[in-house]
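Topology and contacts: notes
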Amino acid sequence: MSHGQLLVFELTILVLAIFLGFEVISKVPTLLHTPLMSGTNAIHGIVIVGAILVMGAGGKDTLTWVIGFLAVILASANVVGGFVVTDRMLEMFKRRRPERAPADTDGKPPPEQ
Amino acid sequence: MSRTTSDLLYLVTIVTFIVALRFLSRPDKARLGNWIGAAGMLLAIGVTLAKSEVVSYLWIFVGMGIGGGFGAVAARRVKMTAMPQMVALFNGVGGGAAALISWAEFHNRAPAPGNLKLDISLAIMLSALIGSISFAGSLVAFAKLQELVRGRPITYPGQQLGNGLVFGIAVAAGITIAAGGEEQWLMWALLALGSLFGVLFVLPIGGADMPVVISLLNAFTGIAAAATGFELENNVLIVSGALVGASGTLLTVLMGRAMNRSITNVLFGAFGQVSAGTAAAASSDGGTVRSAGAEDVAVMLAYAHKVVFVPGYGLAVAQAQHDVRQLADLLEEKGVEVSYAIHPVAGRMPGHMNVLLAEANVPYPQLKEMEEANPEFGRTDVVLVVGANDVVNPDARNNEGSPIYGMPILNVDQAQAVVVLKRSMNPGFAGIENPLFFNPKTVMLFGDAKESIDKLIEDVKGL
């Protein structure tokens, strides 16, 4: 594939993904906007792919090494922190379900923290 | 691993991210969705490590250990009330990583003449610029929310001109790069000025406008990630970045609409200046403030038919969500109808109050959005405003000189009585007077929200 063809292909994907993003996200209720923001935060941690490619390349000079190392640190903080925080938020939303359906087994509210 | 295989596996990652976002529209599946997304991320990391370009591993793992360790500990330890700054922080590091990757790409690819095609250099410049703005801007937002710097708008003369100049020079450096400039200092200038602009642009924005800023910075990091995808010719980055960019943009627009202000007005409107002038003069025209003791308020609450809680950022600061829930339960036992009215921009990020009340296990049906809550205030006996200010300010309805004029608010002044829990008479983060406090229907209960609620619980129990 020539460079130009690849670019057009990438742009097509970009545009479709933007429309898909609006479509999927407009369905998220207000109730879950904070986890949504936190979840998308975790997803942009995908830049870790780029950080690994920079840091893993052979024959790099010192500057590239330092930049790559920093990028790996920042991106992995983004990935791990993003998913863990989102999980903690969603855990709370899940725990409330029993109050709507009292028949659930774990229906007791959790102890105060 | 061949390019075809890795691209196919990246496609699996893309699917998991989309599924994660789809599941987020349902509270019962959202958590599972998050784990599916995390699994997809793990797959992408594994695939990248297996690529033939990646030849050295040790320091990648060391870096992952440091960053991941920090992320895990910070995310585990943070209190639910400190979520907005945590989200801002993780957003910032993502933007920073995108900017750094672009720097490395430019550093390694620019020296060979003709090596950088226009679209690649354009992507490098966009990712570096937007990523550095997002990085520095998010850190300032973090510092503001963590109260390391003042939450109030910080303004100085010539601010807009100065900011515009910094941004203009940054863009000029970026255009030079895109046009084929290959000197390394162009990139240093771009990154430095981008970061400086990020700081300057978030610094003047008041705490009350944080939901808009945080959503916008979220969109920025997404766009930076997508641009990084173009420079590395990597689909998973392009799609994920686009999804995040779309999400952040949508939330920014929603928040702006909830405040009835354009995004440019939030970002560049001289919020502090207007409030210092006409608004203060128009609203603080005498009027007395009635303050009450917890015992009196407890009686009002216990003998009411319908009580509505209006939570705001003060609830988060005082970490009073569990106490509020306890008080609400107590009132319900006494036959009082209890609900919570939630303004879309209450707190410091979209949906902030929902997360806090979720932590306290408040049942969903009691949470009312603004459109649902407003018609109810007419038949409400007591409204308990817990740490909210601007979102219940009648000036938004009545006073054209007010900086928040036109913002849809919760019409709590239509209730029989209003109790405002507040630390002191200081104006809120936006620094605007609130005539609600001078309304004859209103009584103030001064003190820390958590302590006040605890006192109310004691007193209601004693009745």
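Residues numbered from 1 in each chain as written. Chains lettered and ligands numbered in written order. Predicted model: local features only at pLDDT ≥ 70, side-chain atom pairs only at ≥ 80, totals over all residues.

1. Focus on the interface of chain B and chain A
With 96 residues of chain B at the contact, the number on the chain A side is 83 residues. Elements that contribute at least two residues to the side of chain B that touches chain A include exactly helix H1 (3-23), helix H2 (30-50), helix H3 (58-77), helix H4 (83-109), helix H8 (210-232), helix H9 (235-258) and helix H15 (352-359) of chain B. Taken together, the residues that form the side of chain B that touches chain A break down as 55 nonpolar, 31 polar and 10 charged. (Contact = placed C-beta atoms within 7 Å. Helix = DSSP H or I, 4+ residues; strand = E, 2+ residues; numbered from the N terminus. Nonpolar A, V, L, I, M, F, W, Y, C, P; charged D, E, K, R; others polar.)

2. A closer look at the sheet that holds strand S2 (residues 337-342) of chain B
All names here are of chain B. Taken in spatial order, the 6 strands make up an open sheet running S3-S2-S1-S4-S5-S6, and their pairing is parallel. Every interior strand has two partners, whereas the edge strands, strand S3 (367-369) and strand S6 (442-446), have only one. Within the sheet, the average angular offset between the axes of one strand and its neighbour, ignoring direction, is 25°. With 5 bridges connecting them, strand S1 (residues 306-311) and strand S4 (residues 382-386) associate as parallel partners. Opposite Val-308, over in S4, you have Val-383 as the bridge partner. (Pairing = 2+ DSSP bridges. Axes fitted to C-alpha atoms, helices over the stretch in contact; angles between N-to-C directions.)

3. Focus on the nonpolar core
Ranked by size, the top nonpolar core spans 198 residues in total, and within it Val310(B) and Val385(B) carry the most contacts. Sort the elements by how many residues they give to this core and helix H4 (residues 62-95) of chain A lands first, with 18 residues. Each of domain 1 (81-269) and domain 2 (290-462) of chain B contributes no fewer than three residues to this core. (Core = buried A, V, L, I, M, F, W, Y, C linked by C-beta atoms within 7 Å. Buried ≥ 20, exposed ≤ 12 C-beta atoms within 10 Å, placed from the backbone. Domains from an automatic or database assignment.)

4. With respect to unusual backbone geometry
Residue and element names in this part refer to chain B. A positive phi angle is found at Gln-319, which is not glycine, with a value near 50°. Here Gln-319 lies in the loop between helix H13 (313-318) and helix H14 (321-333). The class for Gln-319 is partly exposed, based on 17 C-beta atoms found within 10 Å. Here Asn-361, not a glycine, exhibits a phi torsion of approximately 60°, which is positive. Topologically, Asn-361 is positioned in the loop between H15 and S3. Classification of Asn-361 by C-beta neighbours within 10 Å gives partly exposed; the count is 18.

5. What about the domain arrangement of chain B?
Residues and elements named next belong to chain B. Per the domain assignment, the segments making up chain B are domain 1 (81-269) and domain 2 (290-462). Between the C-alpha centres of domain 1 and domain 2 there is a distance of 36 Å. Listed per partner, the contact involves 20 residues of domain 1 and 18 residues of domain 2. Every element with two or more residues in the side of domain 1 that touches domain 2 is listed here: H4, H8 and H9. Take the side of domain 1 that touches domain 2: its biggest share by element is 4 residues, from H8. Within the side of domain 1 that touches domain 2, the residues separate by chemical class into 12 nonpolar, 6 polar and 2 charged.

6. A closer look at the confidence of the model for chain B
Residue and element names in this part refer to chain B. For chain B, per-residue confidence averages 88 on the pLDDT scale, and 93% of positions sit at 70 or higher. For chain B, the element scoring lowest by mean pLDDT is helix H11 (residues 271-283), at 41; H2 scores highest, at 96. Counting interchain partners and residues more than four positions distant, the pLDDT-below-50 stretch residues 270-285 has 33 contacts. Interface confidence for the predicted complex, expressed as ipTM, amounts to 0.85; the pTM equals 0.85. (pLDDT = per-residue confidence, 0-100.)

7. Re the pairing of S2(B)
Residue and element names in this part refer to chain B. Pairing between S1 and S2: 4 bridges, direction parallel. Bridged to Val-308 within S2 is Ser-339. Here S2 pairs with S3 via 3 bridges, running parallel. Its bridge partner lying in S3, Tyr-340 is registered against Leu-367. For the segment spanning S2, H15 and S3, crossover handedness is right-handed. (Right-handed = clockwise from strand over helix to strand, strands pointing away.)

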